[in-house]
Amino acid sequence: MKNFIIFLIILMLVLPGVTGFADNFQKGLDAANRGDFEAAFDKWKPLAIRGQALAQFNIGLMYDKGEGVKRDYKKAAKWYKLAAKQGIASAQFNLGLLYSKGKGVRQSFKRAVMWYVRAAKQGNVSAQFNLGLIYDIGEGVIPDYKRAIKWYRLAAGQNNSQAQFNLGHLYESGERVTQDYKRAFKWYKFAADAGNELARLKLGTLFEKGKGVLKNYKKAVKWYKLAAGQGNEIAQFNLGYIYSRGIGVKSNYIQAVKWYKLAAGQGNVIAQFNLGIFYSEGKGVRQSYSKAANWFRLAAKKGDAEAQFRLGLMYEEGDGVEKDPEKAVMLYRYAADQGHAMAQGSLGWMYINGAGVQEDLEEAAKWYRRSEQTLKAKKNQSQKPIPSLR
């Protein structure tokens, strides 16, 4: 158990009257390190009863984690409190955590904050971060962004990458503080250099869009690749998009397929749809309508209207799947109900020809009218600024 407190042993060895404590504390630590938590508990419990703060903390930790004893948050809180009152910062932090979650004690954010502050003032980085988070999101307290930034900065100064990322996010969003992309970049860079996956994604975005830094697609790709290598779905999709469109890099459909597949494997619906397009058109892969249908089907199941329409076309024509007008109608209807103009028109066509449905001219006319209305509405919207694709 790596969390057991081992500091101050050297100091205790040279202080009068504590040699026996140091010996027994060390024996307990040795037992814990070899995985014999019951023996460690037996060594530390008498010391804790006699008021030794480090032993009290370790006993609390054992009850908290359920190692060497049955897990008991109430007893953990009792021992943490004894150690916390003697100034053990880790005990103060852990006690604050129990109060914030209501484990072993009645939930109280006020008391959680009190103990976090005591630990944070001693330099406990986890307490500093938690205080920043509490004041940031207003968990049990009134949101106070100045205090949030104060505590995040202290934690960030101790290389807490999540605090660094949160500071970057605060400055990038501008929702709670004055928007400042340069400051956002600064904090994201600290976090990214420490390996923070989301910070690496954010740096890629800032370089791609030229916010807070000069636009640099080469650096954007670098940071996206680092985030993607850590399994970040959005970074994987963005790389697929960049290579497919040749944005700042040479267009490379093979690379695009590689990254889209990784994102699609994590359920990214747009990547799944794009792979359907690539397989149907033979971009970066050998053309395969059956594989295109498989990717469209995955996206269609998640409600993507364009995928539903494309898959409907394949069932109507029998491309890559067995021809099935009834399935085509079903898929067209799913897409049409979401306002897909071409699917609405296709439904009209199916009703006129009695394909997959009983011939019904009135129903056909209804869907043709809807298709026309949808197209008119989209034409009016097309005069407005087009939002970013990502």
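(A) Representation of the nonpolar core. Counting 119 residues, the largest nonpolar core has Trp-44, Tyr-80, Tyr-260, Phe-296 and Leu-311 as the members making the most contacts within it. In terms of residue count, the dominant contributor to this core is helix 4 (residues 53-65) (eight residues). Residue contacts for Leu-311: discarding those within four places in its chain leaves Ala-293, Phe-296, Arg-297, Ala-300 and Leu-331.

(B) Structural detail: the packing of aromatic side chains. Summed over the entire model, instances satisfying the criterion amount to 14 aromatic pairs. An angle of 40 degrees between the planes, with centres 5.7 Å apart, marks the rings of Phe-25 and Trp-44 as tilted. Taken together, the residues span a long stretch of sequence, with Phe-25 in helix 2 (residues 19-33) and Trp-44 in helix 3 (residues 37-49) at a distance of 19 residues. For Phe-25, a relative accessible area of 0% translates into the label buried. Overall, Trp-44 belongs to the buried group, its relative accessible area being 0%. Between Phe-309 and Tyr-332, the ring centres sit 5.9 Å apart and the planes meet at 40 degrees, which makes this aromatic pair tilted. Taken together, the residues Phe-309 in helix 18 (residues 305-317) and Tyr-332 in helix 19 (residues 325-336) connect sequence positions 23 residues apart. For Phe-309, a relative accessible area of 4% puts it in the buried group. The structure contains a cluster of three or more aromatic residues connected by ring pairs, namely Phe-237, Tyr-241, Tyr-253, Tyr-260 and Phe-278. Above the ring of Trp-115, the side-chain terminus of Arg-118 is found at 4.6 Å from the ring centroid. Over the face of the ring belonging to Trp-367 we find Arg-370, whose NZ or CZ atom lies 4.6 Å from the ring centre.

So, how was this worked out
- In this numbering scheme, every chain counts its residues from 1 along its sequence in written order.
- Where local features are concerned, this predicted model is filtered to residues with pLDDT of at least 70; where side-chain atom pairs are given and counted, the filter is 80 or more; whole-chain, interface and lining totals use all residues.
- Each side-chain value is derived from all of the structure's non-hydrogen atoms; neither hydrogens nor water enter the calculation.
- By nonpolar core we mean a set of buried residues, namely Ala, Val, Leu, Ile, Met, Phe, Trp, Tyr and Cys, connected to one another through side-chain atoms within 4.5 Å.
- Classification of residues uses two cut-offs on accessible area relative to the type maximum, computed with a 1.4 Å probe and protein chains only: under 20% is buried, over 50% is exposed, and between them is partly exposed.
- Runs of H or I in DSSP of at least four residues are treated as helices and runs of E of at least two as strands, each being numbered from the N terminus.
- Should any heavy atoms of two residues lie within 4.5 Å, those residues are considered in contact.
- Working definition: rings of Phe, Tyr and Trp (its six-membered ring) pair if their centres are within 6.5 Å, and the pair is stacked with planes under 30 degrees apart, edge-to-face with planes over 60 apart, and tilted otherwise.
- In our convention, an over-ring charge means Lys NZ or Arg CZ found within 6 Å of a ring centre and within 35 degrees of that ring's normal.

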